[in-house]
Amino acid sequence: MDILAELNPAQREAVEAIGGPVLILAGPGSGKTRVITHRVAYLIKVCRVNPRRIMAVTFTNKAAREMEARLEQLVSGSVGNITLGTFHAICARILRQDGKAINVSPRFVIYDAADQLSLIKRGMQEINIDPKQYAPAAVASVISAAKSQLLTPVDYVKQGHSYFEEIVSRTYERYQQLLEESNALDFDDLLMKAVRLFNKSPEVLSKYQSRYLHILVDEFQDTNTVQYELVKQLAGKHRNICVVGDPDQSIYSWRSADLRNILSFEKDYPDAKVVILEQNYRSTKMILDTASSVISANEQRKPKELWTDNETGEPVRVVETYTEQEEARFVVSEIERLVDLGESRLGDCAVMYRTNAQSRVIEEAFIRYGTPYKLVAGTRFYERREIKDVIAYFRLIHNPQDVVSLLRIINIPGRGIGQQTLAKLSEWAKSLGISQMEALQLLVEAKEREEIPEHSFSARTVRALTDFWNLMDGLSTSSRVLDLVALFDLVVGASGYQQYIQGGPDGEERWENILELRSVAREYQDLNPPEGLTAFLEKVSLVSDVDSLDETTDRVTLITLHQAKGLEFPIVFIVGMEERLLPHFRSFDDLAQMEEERRLCYVGITRAKRQVYLVYAFRRTLMGSSAVNQPSRFLDDIPRHLVSSPSWWQEGDRQVTEAIYSWNGNSYAGPPDSEPAVVAGKEAVPELKAGDHVKHAHFGPGVVVSCKDVNDDCEVVVAFDGQGVKRLLLSLAGLEKVD
DNA sequence: CGAAAGGCTCTTTTT
DNA sequence: GAGCCTTTCG
């Protein structure tokens, strides 16, 4: 297969420029992914570079997986030796391999944002800082930013001036100590310590520098200072570094991503070859023009002209609804309409929003209509309590020093070990200069020798504590011989966790989640005992929500604008196009942040191939209270000729009196004071009772479980054959009674 | 010690 | 509106 065929001249140039630094500026839909994969394939097939000597950094694990799959097709063979993954995953690997040089034990655990926050709270407590006065989350984000600038606690102290910075500084110091005692790294540490490793150990650096002949970085506009530093270090010897990005799609500055990285690349590498990809293959002219009109209002930006040979397409549709509920209903009914027309499938459609909180109302509407959807970040799987609990057991087995995990599960399920006991235990361990697990071990040994205890635990408490230690010790022992799945079953069984969770609220659902985690463990079953556990923990620590997005099922995708980066859909709905939401109110007092909101909007629009809907609600409930918001300022920048004339939304036979007004008419003509109009055309809806057999357009045949009257309507619970149990609204779901 | 209830705060985006 | 924390009582 000719790797250069099917590439346009600019793309081809980007693929063939293999000596020295290369900057590829790739507008949305310009075939960026294609260029990257073809470039790597070109290196392997044509330039005969050993895949082992190539590193490719992606933004998500999913992107890495996809790239690997495409590569294997292109080079028709294994590329297993290539280093491919996110910065975090690659750094974790480097640190496990060579971290010893800077005292990073290979058994470290990785703390996610929640673990980090809990440890910071603990640190603040220990040095008597009132969490009510200084929000731990705020302190956490400053510490994270400091780490992203490569500032250690010592460096940070030198910078601090304000009283708040003083507080942060002291917390940072204590927090870092706690991390070390726990043998844990947070996300920022993974990057920072890798850079530190390379600074401290020239041999290690040289090993990696020599190995990596070619380095590629995708989404370069979203890298931060540490990441760029790391790239510079790694590319220090061969200087074959290729970065790909688009400044207009930089949307992660809050994670310390620094747009200057991509803007100053040419200064850092004056001999860099720059390739600009401006032809868009994804969207219609109308969509592309809309996107351009929005983004060109940014001042701090290099002008760029995207163009396309695609057809003109339909105008963008701007729609006003009365409330967020109406907004959700509009989206679902419009999608159903499009599907009924036969030109689109559910899987073609995506609904995008600024904040995760917006997804709930949308989701409810989809459930009520019985329209299949997939929510990318629901209650994020790995953030669920039961999942974190079980993982904590594994982390503690893997690394007994892990304080966060210990405190998480020492009394889950309840073992009679309360706050008092834990405070004493912590104090006691501290006075002896040992970890809490080691203190527990002492307790066990003292008990076995029937010594008089030097602590003040009651006999009952001693029993509870020693029981727990024996449990964990037993699990550790087993972990050295059992495969991961067997260990999994042992952990949830022996700890009493299974019984605890099944007996609690939502027991079955939570248990299913745990089984889901068990199936992840199965992927590592074939590895030898210690490696299986390590690999499993690494995987569950570094997953992201988009990683699990499955594009093959025919369902509507519900996704945040951030997560949508890098994806494309024929039909895109952006909801919540309102001031205070998009742009988000947190960006109002800062031009740079406001421009980022605009880029976010741009990213959303440019995901679409065929049709874009920009939807906003006249009135919306935010943080518990309802308020009227202005339409987003970004709408003002779209020329009228790109927008369809004011649309009136009609839902089936139902005249929705409160629904749509002209988006540009500015004034709202007046909402109904009463409840929405009564559902019309109800006579077509069948009377149903429990036990009736029904049929649904998407879910197929099923049996009615229950019916409940709700405001002139009826909520029907139906068990569909093989599709699970769904809650539907009778008037909307289109259920058909079967005899 | 633990369950339950009440009160408080604060909401962006994520590897 | 929800999650977190604290308080209270058994």
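Here goes a summary of the coordinates provided. (Residues numbered from 1 in each chain as written. Chains lettered and ligands numbered in written order. Predicted model: local features only at pLDDT ≥ 70, side-chain atom pairs only at ≥ 80, totals over all residues. Heavy atoms only, no water.)

### Things to note about a nonpolar patch on the surface
So, point 1. Among the surface-exposed residues, Phe-585, Phe-588 and Met-623 lie close enough to one another that they form a single nonpolar patch of about 330 Å² accessible area.
So, point 2. In this structure, Met-623 sits in the loop between β17 (619–622) and β18 (625–628). (Patch = residues over 30% accessible without salt bridge, like charges linked within 9 Å, V, L, I, M, F, W, Y side chains within 5 Å. Areas by Shrake-Rupley, 256 points an atom, 1.4 Å probe, with all protein chains shown as cover. Salt bridge = Lys/Arg side-chain N within 4 Å of Asp/Glu carboxyl O. Helix = DSSP H or I, 4+ residues; strand = E, 2+ residues; numbered from the N terminus.)

### Some words on the protein's contact with DNA strand C
So, point 1. As a matter of local geometry, DNA strand C sits amid Lys-121, Arg-360 and Gly-624.
So, point 2. In this structure, Lys-121 approaches DNA strand C through a side-chain N or O atom, which is 3.1 Å from a phosphate oxygen. (Near = heavy atom within 4 Å. Polar contact = N/O pair within 3.5 Å; in protein donor to acceptor, adjacent residues only side chain to side chain.)

### Here we look at the sheet that holds strand β13 (residues 373–375)
So, point 1. Ordered by their spatial adjacency, 6 strands build an open sheet running β11-β16-β15-β12-β14-β13, and the pairing between neighbours is parallel. Strands at the two margins of the open sheet, each flanked by one partner only, are β11 (317–321) and β13. With strand direction ignored, the average angle separating the axes of adjacent strands in the sheet is 20 degrees.
So, point 2. By the bridge criterion, 4 bridges tie strand β12 (residues 349–353) to strand β15 (residues 569–574) in an arrangement that is parallel. Among the inter-strand pairings, Ala-350 is bridged to a residue of β15, identified as Val-572. (Pairing = 2+ DSSP bridges. Axes fitted to C-alpha atoms, helices over the stretch in contact; angles between N-to-C directions.)

### Some words on the pattern of salt bridges
Side-chain pairs of opposite charge can arise where the charged atoms are in close proximity.
So, point 1. Counted under the stated rule, the structure contains 42 salt bridges.
So, point 2. Residues Glu-66 and Lys-62 are paired through a salt bridge, measuring 3.1 Å at the closest nitrogen-oxygen approach. Of the two residues, Glu-66 and Lys-62 are both situated in helix α3 (residues 61–74); the distance of 4 residues between them amounts to about one turn of the helix.
So, point 3. Residue classification places Lys-62 among the buried residues on the basis of a relative accessible area of 6%.
So, point 4. Arg-329 is the salt-bridge partner of Glu-326, the closest N and O atoms lying 3.6 Å from each other. Here the residue Glu-326 and the residue Arg-329 both occupy positions in helix α15 (residues 324–341), the gap between them amounting to 3 residues, near one helical turn. (Buried < 20%, exposed > 50% of the residue type's maximum accessible area, 1.4 Å probe, protein only.)

### Overview of the packing of helix α14 (residues 285–295) against helix α27 (residues 591–605)
So, point 1. Two numbers describe how α14 lies on α27: the axes approach to 9 Å, and their chain directions differ by 175 degrees. Between α14 and α27, the crossing angle belongs to the class labelled roughly antiparallel. Of α27, the residues touching α14 (which contributes Ile-287, Thr-290, Ala-291, Val-294 and Ile-295) are Arg-598, Arg-599, Cys-601, Tyr-602 and Ile-605.
So, point 2. The residue inventory of the contact of α14 with α27, partitioned by class, reads 7 nonpolar, 1 polar and 2 charged. (Parallel < 35°, antiparallel > 145°, perpendicular 65-115°, else oblique. Contact = heavy atoms within 4.5 Å. Nonpolar A, V, L, I, M, F, W, Y, C, P; charged D, E, K, R; others polar.)

### With respect to helix α5 (residues 113–126)
So, point 1. End to end, α5 covers 20 Å across 14 residues, agreeing with the expected 20 Å (1.5 Å per residue, within 8%).
So, point 2. Taken together, the buried positions of α5 are Asp-115, Gln-116, Leu-119, Ile-120, Arg-122, Gly-123 and Met-124.
So, point 3. Taking the backbone nitrogen of Ala-114 as reference, a side-chain oxygen 3.0 Å away marks Asp-112 as the first, capping residue of α5.
So, point 4. Asn-128 sits one or two residues past α5 and shows a positive phi near 60 degrees. (Expected span 1.5 Å × (residues − 1).)

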